[in-house]
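# Geometric and topological summary
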Amino acid sequence: MADRNSKRLLVVEDEPDIRELLMNYLSNEGYQVVSASDGVEAIGLFSKENYDLVILDIMMPKIDGFGVCEVIKKQSNVPVIFLSALNDDKTQIKGYDLMADDYITKPFSMPIFLRKVKALLRRSNSAEIRQDEVLVCGDIIINPDTMSVTVKGKDVVLTSREFDILLTLAKNPGRVYSREMLLNLLWDFNSLVDERIVDSHIKNLRHKIGDDYIETVRGRGYKIDKKTD
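Since this is a predicted model, take the numbers as computed values, not measurements.

Once that is clear, we can look at the packing of aromatic side chains. Evaluation of the coordinates by the stated rule reveals four aromatic pairs. Measuring from centroid to centroid gives 5.5 Å for Phe-108 and Phe-113, while their planes differ by 50°, and the two rings are tilted. Linked through ring pairs, Phe-66, Phe-82 and Tyr-103 together constitute an aromatic cluster.

Take a look at the structure:
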């Protein structure tokens, strides 16, 4: 557990019982946990301290979870997990469109929740995908060690999930990855994740890096061509 002690988590939940439950379990796992009971408090805490992960309810007073996530993602690429009783497709897709890294519906399995937290923290550290050298794919330069990306010399801020998708495609230019393949590679527990989530992340990636780099191969999936010009 010693290696987790530096991990600082922000739990944003307006239900006291659930908030306390999450804090107890996460603290027992060795994480440093700070909590907020509404969106305004959450934004204030986030602006003052550095966090490695934010766990975010949606239905909250003052500012809802969507508003909080939007503020966080404009400031940083800290991973965000939505934890909500809203389980319809439209709401979940909206969460991913706001660049959330995961969406867990209530009621949930605590053991699986803790493993999702661990997996996201691991990915955000690039522990599984670090390399010794930067990766150059046409106009795109990716540094797996620092999780930094530049396109035509301009820095691009990506979420950890977007970074993983881009790195996976760029490491094998020309190879087509289906939605199912990307889910299996990059989502640790994907049985409840719809393949459209991949489309949502690809849409966000294209918005950030430009529409010309990730190609849709109809009926098969996505790929990046290694361009030298």
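We are not done yet, so read on.
Sheet topology places strand β10 (residues 214–217) next to strand β11 (residues 221–224); four bridges connect them, and they run antiparallel. The residue of β11 that forms the bridge with Val-217 is Gly-221. The loop that links β10 with its antiparallel partner β11 comprises three residues; one of these, Gly-219, has a positive phi angle of about 80°.

Another point: the confidence of the model for the chain. On average, residues of the chain score 85 in pLDDT, and 89% of them are at 70 or above. A low-confidence stretch, residues 1–5 (pLDDT under 50), is modelled with nine contacts involving residues beyond four sequence positions or located in other chains. In this model, residues 126–132 is a region of pLDDT below 50 whose contacts with residues beyond four sequence positions or in other chains number 16 contacts.

This part is about helix α2 (residues 39–48). Those residues of α2 not exposed but buried are Gly-39, Ala-42 and Phe-46. One side of α2 carries all its buried residues, which in axial view fall inside an arc of 55°. For α2, exposure combined with an orientation more than 90 degrees from the buried face picks out Ser-47 and Lys-48. Looking at the packing, one finds that the buried side of α2 touches β1 (8–12), β2 (32–36), β3 (53–56) and α3 (65–75). Residue Asp-38 occupies the N-cap position of α2, its side-chain oxygen lying 3.0 Å from the main-chain nitrogen of Val-40.

Parameters and conventions
Residues numbered from 1 in each chain as written. Predicted model: local features only at pLDDT ≥ 70, side-chain atom pairs only at ≥ 80, totals over all residues. Heavy atoms only, no water. Phe/Tyr/Trp six-rings, centres within 6.5 Å; stacked < 30°, edge-to-face > 60°. Pairing = 2+ DSSP bridges. Helix = DSSP H or I, 4+ residues; strand = E, 2+ residues; numbered from the N terminus. pLDDT = per-residue confidence, 0-100. Contact = heavy atoms within 4.5 Å. Buried < 20%, exposed > 50% of the residue type's maximum accessible area, 1.4 Å probe, protein only. Arc of directions from axis to C-beta. Polar contact = N/O pair within 3.5 Å; in protein donor to acceptor, adjacent residues only side chain to side chain.

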